[in-house]
Amino acid sequence: MSSGSVRKGRGPRPDAEGHMLTLKWVGGSGGYLSLLDQTLLPARVKYLRIRELSVVIDAIRRLAVRGAPAIGVAAAYGVVLGLRETASASAAGARRSFARVKKRLAGSRPTAVNLFWSLDRMEARAGALEEEGASFPELLRGLLDEAIEIHAEDQRLCRAIGRHGQKLLRSGWSVLTHCNAGALATGGMGTALAVIYSAVEKGKKIRVFADETRPLLQGARLTSWELRRAGIDVTVACDNAAASLMGTGQIQCVVVGADRIASNGDVANKIGTYGVAVLAREHDIPFYVAAPSSTFDPHTASGAGIPIEQRASIEVTAGFGTKTAPPGVDVYNPAFDVTPARYVTGFITEQGLLEPPFKRNIARLFRTAATHG
Ligand code: MRU
């Protein structure tokens, strides 16, 4: 990481809707990506100024930017940085470099399908610009506009998810969520947390229980932080308290996000989500998954086909610098698990609530998204 490419920014900065700004492109095609370094939260708010592709890839890998939709948006901006570095004399030369840039970004994290969706969309735009005979500066500008549009679209999708999802929550309810599917995980107001924000905006009294989400504590560090900033009643609970919370009648609904949803409705999300879904079923509590259509994968038939990222053992044995297991011990550290579709009450998408039968209704979602896209 070159010190010239990452500099401390000003923060904290709310976006137009008052939520924390996760990332933003600053300037024209010679500009930079301003990105909130989430590894430092909640202790420090620091924005990175990123001008190099390798730094974007590193930020995605080390979870400085994380959450499926935010990874997709960061990757779109990463394409612009990567192509700019090639300093190709021609649009055709830059097009040839595209495959290499795409491959490097695609190798950053394997599970969130939004990453691949976003790269495919940028590639299609690059192809169209080349066909139109765009010069290299025009290609860069056109791709930056596409990345900005993907970002703006994500904001609109989040708001629509919130609008549809809030109808499912009743005033006085306590909602359990796992990991962070909030503003910090998207280019907008979140997916699962958009449902909460929108319900509260409607005047409903909602209490949130945030699973702390071992090993990287996205619930404790990020969800509780952003909800508190928004003035929302939030309580952090250890992951292993979920059964007790449900068993004692303290949870009325579960809402989580997703990294990839297979065509049959199986859901990959943060490790531990599967257990929460099984517990919810046992206690007759609705379990909703909030996600935009870009998180549904038409090319993956079931959860068995979703690649699950395995992460470094140190996250478990010495997370945040404290040794919590003997050095050298074998560790199982998948970043995600797959919740079978039968545990999902419904998917809250930008198009509304998607209920069983999932296979048929997800196919319909793909058809509508294709018509609108
Ligand atoms: O490893 P992370 O922090 O990227 O995992 C994030 C999640 O699992 C989120 O729940 C998911 O990406 C949905 S974000 C709207």
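None of the values given here were measured: they were computed from a predicted structure. (Residues numbered from 1 in each chain as written. Predicted model: local features only at pLDDT ≥ 70, side-chain atom pairs only at ≥ 80, totals over all residues. Heavy atoms only, no water.)

*Asks:* Would you mind going over the site of the ligand in detail, with residue names and values included?
*Replies:* In the vicinity of the ligand lie 18 residues, with A68, R109, D259, N269 and K270 positioned nearest. At 3.0 Å from an oxygen atom of the ligand is found a main-chain nitrogen or oxygen belonging to G67. Residue A68 places a main-chain N or O atom 2.9 Å away from an oxygen atom belonging to the ligand. Against a free-state accessible area of 420 Å², the protein chains account for coverage of 100% of the ligand. Elements represented by at least two residues in the shell around the ligand include exactly α2 (68-86) and β9 (267-270). A class-by-class count of the residues in the shell around the ligand yields eight nonpolar, six polar and four charged. In terms of domain composition, the shell around the ligand takes at least three residues from each of domain 1 (8-159) and domain 2 (165-372). (Near = heavy atom within 4 Å. Polar contact = N/O pair within 3.5 Å; in protein donor to acceptor, adjacent residues only side chain to side chain. Areas by Shrake-Rupley, 256 points an atom, 1.4 Å probe, with all protein chains shown as cover. Helix = DSSP H or I, 4+ residues; strand = E, 2+ residues; numbered from the N terminus. Nonpolar A, V, L, I, M, F, W, Y, C, P; charged D, E, K, R; others polar. Domains from an automatic or database assignment.)

*Asks:* Lay out the packing of α2 against helix α5 (residues 136-165) with the relevant residues and their values.
*Replies:* Where α2 meets α5, the closest approach of the two axes is 9 Å, and the angle between their N-to-C directions is 170 degrees. As the angle between them shows, α2 and α5 are arranged roughly antiparallel. Here α2 contributes P69, V73, A76, Y77, V79, V80, L83, R84 and T86 to the contact with α5, which in turn contributes F136, L139, L140, L143, L144, A147, I148, I150, H151 and D154. Tallied by class, residues from the contact of α2 with α5 come to 15 nonpolar, two polar and two charged. (Axes fitted to C-alpha atoms, helices over the stretch in contact; angles between N-to-C directions. Parallel < 35°, antiparallel > 145°, perpendicular 65-115°, else oblique. Contact = heavy atoms within 4.5 Å.)

*Asks:* Account for the confidence of the model for the protein, naming residues and giving values.
*Replies:* Atom-level detail of predicted coordinates should not be read off regions where pLDDT is low. A residue-level look at the protein finds 94% of positions with pLDDT of 70 or above and a mean pLDDT of 93. Within the model, pLDDT remains below 50 along residues 1-12, and this stretch shows 26 contacts once partners closer than five positions in the same chain are excluded. (pLDDT = per-residue confidence, 0-100.)

*Asks:* An account of the domain arrangement of the protein is needed here, citing residue identities and associated values.
*Replies:* Under the domain assignment, the protein is made up of domain 1 (8-159) and domain 2 (165-372). Look at where the C-alpha atoms of domain 1 and domain 2 centre, and you get two points 24 Å apart. Contact with domain 1, which involves 35 residues of that partner, is made by 37 residues of domain 2. For the domain 1 face of the interface with domain 2, the top three residues by lost area are H19, R66 and T111, together amounting to 20%. Linking domain 1 to domain 2 there are two salt bridges. In this structure, E309 and R109 form a salt bridge, with 2.8 Å as the shortest nitrogen-oxygen distance. Seen at the junction of domain 1 and domain 2, the total is 17 residue pairs in polar contact (both at pLDDT 80 or more). The set of elements that each furnish at least two residues to the side of domain 1 that touches domain 2 consists of α2, α4 (113-131) and α5. (Buried area = accessible area lost by both parts, 1.4 Å probe. Salt bridge = Lys/Arg side-chain N within 4 Å of Asp/Glu carboxyl O.)

*Asks:* So what's going on with the sheet that holds strand β10 (residues 287-290)? Which residues, and what values?
*Replies:* Reading across the sheet, the seven strands line up as β6-β5-β4-β7-β10-β12-β13 and stay open at both edges, with mixed pairing between neighbours. Single-partner strands in this sheet number two, and they are β6 (233-237) and β13 (352-354). Each adjacent strand pair in this sheet contributes to an overall mean axis angle of 25 degrees, direction not counted. For strand β5 (residues 207-211) and β6, the ladder comprises five bridges, and the chain directions are parallel. Each residue of the ladder has a partner; that of V208, found in β6, is V234. Lying over the sheet, helix α9 (residues 273-282) contacts β4 (174-177), β5, β7 (253-256) and β10, oriented at roughly 140 degrees with respect to β10. (Pairing = 2+ DSSP bridges.)

*Asks:* Give a detailed account of the packing of aromatic side chains, specifying residues and quantitative values.
*Replies:* Any pair of aromatic rings gets described here by the distance separating the centres and the angle formed by the planes. Counted under the stated rule, the structure contains four aromatic pairs. With centroids separated by 5.6 Å and ring planes inclined at 25 degrees, the aromatic side chains of W25 and Y77 adopt a geometry described as stacked. Taken together, the residues W25 in strand β1 (residues 23-26) and Y77 in helix α2 connect sequence positions 52 residues apart. The class for Y77 is buried, based on a relative accessible area of 2%. Taken together, a centroid distance of 6.2 Å and an interplanar angle of 55 degrees make the contact between Y274 and Y343 tilted. (Phe/Tyr/Trp six-rings, centres within 6.5 Å; stacked < 30°, edge-to-face > 60°. Buried < 20%, exposed > 50% of the residue type's maximum accessible area, 1.4 Å probe, protein only.)

*Asks:* Let's hear about the sheet that holds strand β3 (residues 47-50): which residues, and what values?
*Replies:* The three strands lie next to each other as β1-β2-β3, forming an open sheet whose pairing is antiparallel. For this open sheet the edge positions go to β1 and β3, each flanked by a neighbour on one side alone. On average, adjacent strands in this sheet sit at an angle of 20 degrees to one another, irrespective of strand direction. Where strand β2 (residues 32-36) and β3 come together, four bridges link them in antiparallel fashion. Looking across to β3, one finds that S34 is bridged to R49.

*Asks:* A description of the side chain of D37 should follow, citing residues and the corresponding values.
*Replies:* Turning to its location among the elements, D37 is positioned in the loop between β2 and β3. For D37, a relative accessible area of 5% gives the class buried. Beyond its immediate stretch of four places on either side in the chain, D37 contacts K46, L48, R62 and A64.

*Asks:* Which residues make up the pairing of β1, and what values do they have?
*Replies:* Burial of the side chains of β1 is restricted to one face: L23 and W25 are buried, whereas none of K24 and V26 on the reverse face is. Looking at chain direction, β1 and β2 are connected through four bridges and run antiparallel. Bridging across to β2, V26 finds its partner in Y32. Hairpin connection from β1 to β2: five residues lie between these consecutive antiparallel strands, with G27 at a positive phi of about 90 degrees.

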